[in-house]
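# Residue-level structural notes
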Amino acid sequence: MHLEYFQLIDRITDLNLDEKSITVEAQVPQQSTIFEGHFPGYPIMPGVLLIESMAQTSGWLLLALMKFERMPFLAAVKEAKMRGFVSPGEMLSVEANLLHDGSGYAITQARVRVAGRLRCNATITFSHIPFPNADLRGHMDVVAKRIGFPQQVVLP
């Protein structure tokens with residue numbers, strides 16, 4: 001198995017804690033080894049990576065709502081629907097909103113759009129726990145700065 005870093009979010013464009021929603025952008029690269037096998041001559045973004053982009057977007061929303069005190073981990077994906085293909089070079093707008101939070105679990109509804117058109121959506125469940133170690137927390141802080149996470153959200 002060959003895995004690359006799973007950093008699928010380029011930047012946060014909107015984070016609304018009152019509405020418990022987030023929107024991010026992610027530019028699908030023109031070239032990637034992913035497309036060499038998925039599919040030769042007809043490259044499309046794998047559905048599992050679209051689900052991962054929705055999960056990461058939801059995760060950033062949960063980190064914000066929990067003020068970086070707890071780390072969300074993917075627990076379940078329900079009703080994921082692929083509604084159209086995503087091609088190399090397309091700009092994704094990924095949205096998520098919180099449906100439920102309690103008892104160590106959170107549920108979000110997420111959507112991927114390209115040029116305003118819905119390409120996929122899912123209901124995603126996360127478990128969340130205190131950060132297990134300082135290394136993970138430090139890594140998340142670095143990524144948060146890279147994607148434009150509002151720093152006032154994590155400041156005490």
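### Here's the deal with the pattern of salt bridges
Inspection of every chain in the model, using the stated rule, returns five salt bridges. The salt bridge involving Glu25 is made with Arg11; its shortest N-O contact spans 3.0 Å. Taken together, the positions of Glu25 in strand β2 (residues 21–27) and Arg11 in strand β1 (residues 11–16) put the pair 14 residues apart, joining distant regions of the chain. Taking the relative accessible area as the measure of exposure, Arg11 reaches 42% and is therefore partly exposed. Residues joined in a network through salt bridges with shared partners are Glu95, Arg111 and Arg113.

### What to know about the environment of Ala76
Tracing the backbone shows Ala76 in strand β3 (residues 70–82). The partly exposed category is assigned to Ala76, whose relative accessible area is 28%. Taking the C-alpha atoms as reference points, Ala76 and Ala55, 21 residues apart in sequence, are found 9.9 Å from one another. Ignoring any residue separated from it by four or fewer positions in sequence, one finds Ala76 in contact with Thr123, Ile124 and Thr125.

### Concerning the environment of Gln27
Topologically, Gln27 is positioned in strand β2. Separated by 16 residues in sequence, Gln27 and Arg11 have C-alpha atoms that sit 9.6 Å apart. Dropping the residues within four chain positions of it, Gln27 is found in contact with Asp10, Gly89, Glu90 and Met91. Reaching out from Gln27, the side chain makes a polar contact with the backbone oxygen of Gly89 at a distance of 2.5 Å.

### Quick notes on a nonpolar patch on the surface
Nonpolar side chains collect at one region of the surface, where Phe39, Tyr42 and Phe85 lie side by side and expose about 340 Å² of accessible area between them. Structurally, Phe85 is set in the loop between β3 and β4 (91–102).

### A short note on the sheet that holds β2
Spatially, the six strands line up as an open sheet ordered β1-β2-β4-β5-β6-β3, and their pairing is antiparallel. Strand pairing shows two members of the sheet lacking a second neighbour, β1 and β3, which therefore form its edges. Each adjacent strand pair in this sheet contributes to an overall mean axis angle of 25°, direction not counted. Bridge count for β3 against strand β6 (residues 117–130) is 10 bridges, and the pairing is antiparallel. Opposite Leu74, over in β6, you have Phe126 as the bridge partner.

### Quick look at the nonpolar core
Counting residues in hydrophobic clusters, the biggest one holds 43 residues, and the most contacted among them are Leu15, Ile22, Met54, Trp60, Phe68, Leu92 and Phe149. Counting residues per element, the ones that place at least two in this core are β1, β2, α2 (47–65), β4, β5 (105–114), β6 and α3 (134–146). When residues in this core are grouped by element, the largest group, 10 residues, is from α2.

### Points about the side chain of Gln56
Tracing the backbone shows Gln56 in helix α2. Reaching out from Gln56, the side chain makes a polar contact with the backbone oxygen of Phe6 at a distance of 2.5 Å.

### Focus: α3
A rise of 1.5 Å per residue sets the reference length of α3, with its 13 residues, at 18 Å; its end C-alpha atoms lie 19 Å apart and thus fit the reference within 8%. Where α3 is concerned, the buried positions are Met140, Val143 and Ala144. One face of α3 carries all of its buried residues, which in axial projection span an arc of 105°. Exposed residues on α3 whose side chains face more than 90 degrees from its buried face are Ala134, Asp135, Val142 and Lys145. Against α2 and β3 lie the buried residues of α3.

Reading the values: rules and limits
- Residues numbered from 1 in each chain as written.
- Predicted model: local features only at pLDDT ≥ 70, side-chain atom pairs only at ≥ 80, totals over all residues.
- Heavy atoms only, no water.
- Salt bridge = Lys/Arg side-chain N within 4 Å of Asp/Glu carboxyl O.
- Helix = DSSP H or I, 4+ residues; strand = E, 2+ residues; numbered from the N terminus.
- Buried < 20%, exposed > 50% of the residue type's maximum accessible area, 1.4 Å probe, protein only.
- Contact = heavy atoms within 4.5 Å.
- Polar contact = N/O pair within 3.5 Å; in protein donor to acceptor, adjacent residues only side chain to side chain.
- Patch = residues over 30% accessible without salt bridge, like charges linked within 9 Å, V, L, I, M, F, W, Y side chains within 5 Å.
- Areas by Shrake-Rupley, 256 points an atom, 1.4 Å probe, with all protein chains shown as cover.
- Pairing = 2+ DSSP bridges.
- Axes fitted to C-alpha atoms, helices over the stretch in contact; angles between N-to-C directions.
- Core = buried A, V, L, I, M, F, W, Y, C linked by side-chain atoms within 4.5 Å.
- Expected span 1.5 Å × (residues − 1).
- Arc of directions from axis to C-beta.

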